[in-house]
Every structure is written in C-alpha cells, then in structure tokens.
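# Architecture at a glance
Each chain is listed here by its residues.
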Amino acid sequence: MGAVINLQIEMGKTFHIGLETLVAGKSPAAERSEFIAAVPKRGTFYLETFGCQMNDHDSEKVAGVLLSRGYRQVETIEAASFVLYNTCSIREKAAQKVFSRLGEFRDMPGEPKKIGVLGCVAQQEGEKIFNRSPWVNLVCGSASYSKLPELLTQLEAGETRVTGLDTDTDETFETEMTRRDNPWRAYLTIIEGCDKACSYCVVPFTRGPERSRASDSVLRELRQLAEIGYSEVQFLGQTVNSYRDPSAEKMEFSALLRAAAEMPGMKRVRFMTSHPRDFSADIVAAIEDDERICNHVHLPVQSGSTRILRVMQRTYSREEYLGKIAMMRGAKRPIAISTDIIVGFPGETDGDFAETLNLMEEVKYEAIFAFKYSPRPNTPAQKMEDAISEEEKSRRLGVLLELQRKIQTEANEKLIGQPFEVHVEGKSKKENQWSGRTSCNRVVNFLSTRSNLLGSYVAVRITGATPNCLTGEHAR
Ligand code: 5AD
Ligand code: SF4
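Residues numbered from 1 in each chain as written. Chains lettered and ligands numbered in written order. Predicted model: local features only at pLDDT ≥ 70, side-chain atom pairs only at ≥ 80, totals over all residues. Heavy atoms only, no water.

### Description of the site of ligand 1
Around ligand 1 lies a shell formed by Ile-90, Arg-91, Tyr-200, Gln-302, Asp-340, Ile-342, Phe-371, Lys-372, Tyr-373, Ser-374 and Arg-376. Between an oxygen atom of ligand 1 and a side-chain N or O atom of Arg-91, the distance comes to 3.1 Å. In this structure, a nitrogen atom belonging to ligand 1 sits 3.0 Å away from a main-chain N or O atom of Tyr-200. Burial of ligand 1 by the protein amounts to 87% of the accessible area it has alone, namely 400 Å². Going through the elements one at a time, strand S15 (336–343) and strand S16 (367–372) are the ones with two or more residues in the shell around ligand 1. Partitioned by chemical class, the residues of the shell around ligand 1 number five nonpolar, two polar and four charged. (Near = heavy atom within 4 Å. Polar contact = N/O pair within 3.5 Å; in protein donor to acceptor, adjacent residues only side chain to side chain. Areas by Shrake-Rupley, 256 points an atom, 1.4 Å probe, with all protein chains shown as cover. Helix = DSSP H or I, 4+ residues; strand = E, 2+ residues; numbered from the N terminus. Nonpolar A, V, L, I, M, F, W, Y, C, P; charged D, E, K, R; others polar.)

Pasting the structure below:
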C-alpha cells in the first residue's frame, strides 16, 4: 500500500519515469516484477499544473494513479495520447490560461488526443467546459479524485464525456502510489477542502468541505517517505491548522506535527497554509520545543483594516490577528512569518489601505504574497459595490511591494554573519554554487567546494543579502 518514490534527479535535468521507478518502494523484487507485469500497457499522458502547492501535490497523486494503470508520462503534448490540465481559478487570469491552452486543440493536426480538465476550473465551470471546448473528454474537480480510477475506466471503454463534479463528499484522495516531483521535500495533504467562507474566495466551492485524513494514515505515509530517504515533509491544506483527526486517536494538529518530527529520519516538518482563526499557542509551543518543526508560519492576513476583514468574512479583527503575531514574535525560537494580502477589495478606502501598510510595518513579515482583488464567480464579494479601478489596484500593489522590499532588505541585511543550516536543493551551473532553504524558509545561495551536497544539510554563514535571498559560504 501507498508506495512512494524518491527521484534522485539533478536539478534542471529532464527525466522520464516509468512504472519500474514508480514501484521502487515496493518490495521484494519478485513482487515488483509481478506487479509491473500485471499492469496493462496504456497510452501516454502529459500533465500540466497551475495554481497552488495543493494542486502540485494533487497532480503528483493523479500521475501516480495514471502510472499505476499503465500509462506512461511524457513531457510534450505532441508525444501524449492523453493531455491533462490541473487548473486554478483563484484569480481570473489563472482561469483564463486554461481556456487558452484548451483552444490550442481546436485545429491541432494528427491523431485526436483525449483531453482532461482537472482541478478548480473543472469544478467551477463543470459541463460548460464541453460546450466551450467540445474536444474535452474528462472534467473532474479535486473533491472527486478518489473516483478517478472509475472515470478512467469509462474513458478507456470509449465514453467521450466523463465527469466527476460532486463536492458533497467526506472522502479524501488517497492513492496507492504518488509520483513525487520534488526529490528533497515531500508534500503531504492532511486536510482537503475549506469550510471558511471568505467572501472573495472560490476555494470553498471548488474544493468542497473540509475533510481531514486520519492521523495514522498520515503517519504511515510519512514513515514510508522516511524509509525511502525523504528527510523533509510539508503538510498541506487550505487551512492546514484546522486539521481535525477523524479517527479515534483525535490527534490535535500540533500533536501531529510533534509526532511527524519524531519520525526516525525526518529532519524538517513544514506546514502551510494556516488560518489565523485556528492558530493557537500549542502550535507555537511545538515549534519552540522541537527544532525539527520548521520555524516558519504562513499566516494570511489579507487586510490590515478590521472593517475590510469583516466584509471579507475573515472571522478575526486586526487586533486579534496581531495577538497571534505577538504569540510568535514572543516565542523562544525566532519564527519567520509570511502572509497573503489582497489589495483593492471592494470599498477599500485609502484609510483601509494605509492600515494594511501600517500592519506590515508593525509585523515586519519575512515574506509577502500580494494580489490585486479579482472578482470570482459565485462569491459574495462579486456582487459588492464600490469596485476599485484596475489602475488604483496596481498603484496600491506597487506601494505595498515597495514597502515590503524595504522591510525585507533591512531584515535580511541583519542576518549577515549569522550561521544557518541549509537543506541543499539545487546546484547552479556556476562552479561551486549551491542553493537551498533554511528551516525558516529563506533561500540561500552559497559557495562550497565539496561535491555531492544535494539533499544534505549544510552549515552556511551568511555573507550577503538581497530582499529575496541570502548568499553565504559553507562554514567549516
Ligand atoms: N482575488 C485576489 N486574490 C485572491 N486570493 C484568494 N482569492 C482571491 C481573489 N478573488 C488570494 C488570497 C489567498 C491567496 C491564496 O490568494 O490572498 O490567501
Ligand atoms: Fe487555485 Fe485555490 Fe484551487 Fe489552489 S485551491 S488551485 S489556489 S483556486
């Protein structure tokens, strides 16, 4: 059950994987070859992913499902008999990208391909996709991925329009196999869907209700990941800290973090994204107590104005949010905090925006992801009045990013001279140049004359800083 693989690839090198690689986690060898022989040989698939890390990881699981049915993954559309797009609809631009991709098949020469649309646009647009792009054969939202094998069976039997669009589910997507792309950090979804009802957001519609995976199932997969050599895991969920163990164990989120960190072989446990409402002191205590739990928290604020937070239905005020920040800034171990901010929400005044800037100055985030508000179908905010012009949204975004640049420059310069442990993830073409991440999620490019550092943990002394990354040298 749950075979997982670790692809020891060099960064930047293209790779093809087949079933043999995929079942590398299965043992013994005889069982492996029996398994491979039993899988029918089907076509080839090309899978492209848009959107968040949840989508990236869903694609890793979808690829696992396809590979275990005998499909082979290829890297170009031309080489594929089955083309799948795992889509994002968080902002309008992301959703549009998918339709422009689908349009490319209108007059494509050669053998017709099977086309699948997965993810958030699939859920949002549903069967309308068939009207707009009649050459699409599969439309399936993430809440129906556990039905993918059934849907594939229908397609293989010759059906031309197959859908999985039910969101009223308590199922989580658990696969026999997952084909992980990142050889150093394994993503692991512990909670799917979202029950918060932020007035701007499509996710509650596209990903269905919140449903957590049983803690023993999470820890079982984590053990397999450790066994095949992963030392860093990132727990994923739209609201990861709203995790509620459905099993009799009733393990709290912070207890799950602690248990994961205790797993032999695990050196780093990350989690993303936290919702401020459910962000509690026991999570901070877990980070303080166990160095293997990464000292980085992504805690989206969205706005610094309590008035706007109320219309966004974020369920906390500016003051309550700042209380959570104070909890982290007062921790025994420094915790890096990043956030998401939306500018130009309907009715956002200059005063509201000034409160956001002022909150940023107060918190001094280590990183920010900022977005112009984009009205989304079915959301309450779509019907709100007092839209802010695109021009004004762009202006506010520019001001915000400039301020953050200043904050990050100052903060990063203070790190010069300090030592950090870096998990090495990449090697530059330039000689002796490596890159990796600190526990607090900072990117560090550093010099070392050693070979074979990929995947190892290296002591690096910081020698230089830019707003978005640090440079350093291997400390001996
Ligand atoms: N417009 C702009 N940004 C949005 N986000 C979510 N919905 C919207 C929208 N309609 C942002 C939020 C969220 C991040 C993943 O995307 O900041 O935290
Ligand atoms: Fe995009 Fe949100 Fe769906 Fe992720 S969950 S793919 S960010 S719409």
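### Looking at the site of ligand 2
The local shell around ligand 2 consists of Cys-52, Asn-55, Thr-87, Cys-88, Ser-89, Ile-90, Cys-120, Val-203, Arg-207 and Gln-238. Residues belonging to the shell around ligand 2 are distributed by class as follows: five nonpolar, four polar and one charged. Counting the residues that make up the shell around ligand 2, at least three belong to each of domain 1 (4–164) and domain 2 (177–413). (Domains from an automatic or database assignment.)

### Some details on a negative patch on the surface
Taken together, the side chains of Asp-166, Asp-168, Asp-170 and Glu-171 present a region of like negative charge at the surface. Here Asp-170 is to be found in the loop between strand S7 (162–164) and strand S8 (177–178). Given a relative accessible area of 67%, Asp-170 falls into the exposed group. (Patch = residues over 30% accessible without salt bridge, like charges linked within 9 Å, V, L, I, M, F, W, Y side chains within 5 Å. Salt bridge = Lys/Arg side-chain N within 4 Å of Asp/Glu carboxyl O. Lys, Arg positive; Asp, Glu negative; His and termini not counted. Charge placed at Lys NZ, Arg CZ, Asp CG, Glu CD. Buried < 20%, exposed > 50% of the residue type's maximum accessible area, 1.4 Å probe, protein only.)

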